[in-house]
Amino acid sequence: DDHDHAHGHVHAKREFPSAPLTRPSRPLQWDSVNIIHTTDSHGWLLGHQKPSFPEPNYSGDFGDFSSFVTHMKELALQKDVDLLLVDSGDLHDGTGLSDGYPTGGVDAHASNEFFKQLPYDLLAIGNHELYIYNNTLDMYRNFAPRFNGRYLSSNVNITIDGVSRPVGDRFAKFKTRKGRQVTALGVLFDFTGNDFNTTVQPVEDMVKEHWFTEAIKDEPDFFLLAGHMPVSRDNWPLIFNAVRAVHPLTPILILGGHTHIRDCRESLQLDGRSMSLESGRYMETVGWMSAELPAPKIHRRHNGEDHDTKNITFTRRYLDPNRVTYEYHTGRGNFSFDTAWGQSITRGLEKLAKTFDLSFQYGVAPHDFTLSQSPFPSNNSVLSLMAEAMPVALTVNNSRASIPNIMITNSGSLRFDIYSGPFTKNDQLTASPFADSFLYIANVPFSAASQVLPALNNAGANERRDIAVETELYARGYVGARYREWVQEMYQRDLETEGASARRAAANLTLGYVTTDSCPGVGDDTPHTPLAFFDSPDFIASASPEVTDDAPIDLVFVDFIESQLIQILNQVQSEKVFTTEDVGTYTPVLATEILGIFAQQAWN
Ligand SMILES: O=c1ccn([C@@H]2O[C@H](COP(=O)(O)O)[C@@H](O)[C@H]2O)c(=O)[nH]1
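Residues numbered from 1 in each chain as written. Predicted model: local features only at pLDDT ≥ 70, side-chain atom pairs only at ≥ 80, totals over all residues. Heavy atoms only, no water.

## Details of the overall build of the protein
- Looking only at helices and strands, the protein has 18 helices and 22 strands in total.
- Relative to the 2.2 N^0.38 estimate, which gives 25 Å for 604 residues, the radius of gyration of the protein is 25 Å and therefore close to what a compact globule would have.
- In the protein, buried positions account for 60% of the 604 residues.
- In the protein, once contacts between residues fewer than 6 apart in sequence are set aside, the share between residues at least 24 apart is 79%.
- Here the protein displays about 23900 Å² of accessible surface, and carbon together with sulfur accounts for 51% of that area.
- Computed over 49 positive and 76 negative side-chain charges, the separation of the two mean positions in the protein equals 8 Å. (Helix = DSSP H or I, 4+ residues; strand = E, 2+ residues; numbered from the N terminus. Rg over C-alpha atoms; globule rule 2.2 N^0.38 Å. Buried < 20%, exposed > 50% of the residue type's maximum accessible area, 1.4 Å probe, protein only. Contact = heavy atoms within 4.5 Å. Areas by Shrake-Rupley, 256 points an atom, 1.4 Å probe, with all protein chains shown as cover. Lys, Arg positive; Asp, Glu negative; His and termini not counted. Charge placed at Lys NZ, Arg CZ, Asp CG, Glu CD.)

Set out below in structure tokens:
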């Protein structure tokens, strides 16, 4: 159907992505309550724009997503069912749209204006909203008010003028279009890496709060628990159990996030009346949940029907956000898909990219550099590239340049692959989005400095981590290992499944996510072949200088790892107890600038 029923006029046809895309495998299952879910979008609102797979799978932009949501809302009306739009947080740190703002600006302020243009029914705060006080303040002042009580920060406060208050609201109670009464929360995992004057209350304490007890006291038709907290291996059971203690049968729908994976658990406590879903990262996934919930209680009571106790039928699907997916599920064609609203969002995002000069070119990347599809160290590894780029970029106009050094950063500071071809400001910010500073400790004997990286990696390496270190790192937000584990598993499973590669070849599948989760049936909307996977260390360093063991050198490191680094330095030597007093600023060059400076020198 290429006639635009929604707006009565035909829009210009949008170009398809440069590579042909596989269509979804089957229509979505619609039930009485349906949810479209986004999480960990991190500023990826212009879609993934590179032509190499898997990037085209995720090429839909936020304007396309807006048109998709509009058409899905129309379908929900036609089907006379509920459809909610939910986000689980982390809107900051990830692309030029969020992080390419001019000096004096606030991270993600401009990109969040586009988020505000979508009809979200519920949103939860993420840890990336809390690394910098001004970002949190912006969410409080400029973001939360747009959502009229539906931007939730159940356990997160900001202190303004000495008064601590929720960034959004603690909970929300609302009615769906079909009259279902909803009680909603928006919870953050036990994050400890937040800035001064923001607070995160442990989930364990939150469920003991008076407001919490009051909020869940009356029985709604269902609980909608959004949160920036993984659906596996985290604290959802604490909230679930607190609700279940009061309401043994009320349906509970959980929408989580944070680990960047596609994940689903059909029922946290095997009670058949709950389900949890997590929908990936970077607008690489749009999640779909459907639940066959009974009619609103108020209608049932009116009809004299009994309390419903049966297991609930749930489904889930992980959609690749692109126009082929969106058009398939909305029954639209390339001429009838775009809404005027969606197109204006696309135009606005393109204008913002221009204003931020995101296509400014630093050089031409000679080939692809990946985070996990190539071994570390290797020519094709982003981490190896960073190890090579740090000594170049951090010593520009630096009076300490001639002093031998070792430069260390955390691998998690690198967030995305670099593709061959023009390397732009946007590419720089997608690969390295954190505006972190580089610090140094002078006169560290080489014999001690050279032990820091291996010691950090021992402390961080999966197999050797002790529980206390693992817990501390997790609380500070380190979840890269969980994502890597997930991608590794899908690759390994494929290698170990007999005939898998022949079947893939026969089906001509493109690269992408191949999810296995704890819910029945296949979750991925579009079948793919998994990406190759190579593991990497948690921390990386520049090449060691060729000096004697007792030579004093500069130990340079990114500020994000300061406390761990000092702790480790004091473990590997006993000559001196180092403290923050020994730390100075090494250079004004920020982590976000390193790859651009390197590219200007090496790739021009
Ligand atoms: O200044 C910073 C802030 C964060 N990081 C890295 O980000 C992750 C947390 O990101 P999620 O999206 O919440 O997983 C943290 O583990 C660090 O690896 C950083 O490097 N610098």
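## Focus on unusual backbone geometry
- Cis geometry is adopted by the peptide bond preceding P54, which originates at F53 and carries an omega value of 15°.
- Relative to the helices and strands, P54 is located in the loop between β1 (33-38) and α1 (62-79).
- Between F376 and the following residue, P377, the backbone shows a cis peptide bond with an omega angle of -5°.
- Here P377 is to be found in the loop between β16 (361-365) and α11 (382-393).
- One non-glycine residue with positive phi stands out, namely D161, at about 50°.
- By secondary structure assignment, the location of D161 is in the loop between β5 (156-160) and β6 (163-166).
- By relative accessible area, which is 74% here, D161 ends up exposed.
- In this structure, N397 is a non-glycine residue whose phi angle is positive, near 50°.

## Structural notes on the sheet that holds strand β19 (residues 438-445)
- In spatial order, the strands read β20-β17-β21-β19-β22; together these five strands make up an open sheet with mixed pairing. Where the open sheet ends on each side, the last strands, each with one partner, are β20 (539-541) and β22 (583-587). The average angle at which neighbouring strand axes cross in this sheet is 35°, direction not considered.
- In terms of strand pairing, strand β17 (residues 405-410) meets strand β21 (residues 552-558) through four bridges, oriented parallel. Within the sheet, the bridge partner assigned to M407 lies in β21 and is V556.
- Its contacts with the sheet put α11 on β17, β19 and β20, and the angle it makes with β20 is roughly 45°. (Pairing = 2+ DSSP bridges. Axes fitted to C-alpha atoms, helices over the stretch in contact; angles between N-to-C directions.)

## A look at the environment of S372
- When you line up the elements, S372 lands in the loop between β16 and α11.
- S372 gets classed as buried once you look at its relative accessible area, which sits at 16%.
- Every residue in contact with S372, bar those within four places of it in the chain, is listed here: A532, F533 and F534.

## Some points on the site of the ligand
- Around the ligand, the structure places 17 residues, and the nearest of them are N127, H128, R415, D436 and V479.
- Between an oxygen atom of the ligand and a side-chain N or O atom of H42, the distance comes to 3.3 Å.
- The side chain of R415 places a nitrogen or oxygen atom 2.8 Å from an oxygen atom of the ligand.
- Calculation on the ligand without its partners gives an accessible area of 460 Å², and the protein chains cover 95% of this total.
- Here the shell around the ligand is composed, by residue class, of five nonpolar, nine polar and three charged. (Near = heavy atom within 4 Å. Polar contact = N/O pair within 3.5 Å; in protein donor to acceptor, adjacent residues only side chain to side chain. Nonpolar A, V, L, I, M, F, W, Y, C, P; charged D, E, K, R; others polar.)

## So, the state of the cysteines
- A full pass over the atoms with the stated rule returns one disulfide.
- There is a disulfide in this structure between C264 and C519, and the S-S distance comes to 1.8 Å. Across the disulfide from C264 to C519, rotation about the S-S bond amounts to roughly -75°, and the bridge is consequently left-handed. Taken as a pair, C264 in strand β12 (residues 262-265) and C519 in the loop between α16 (500-507) and β20 lie far apart in primary sequence, 255 residues in all.
- Judged by its relative accessible area of 0%, C264 is buried. (Disulfide = S-S within 2.5 Å.)

In short, the description is geometric, and any link to function would need to be established separately.
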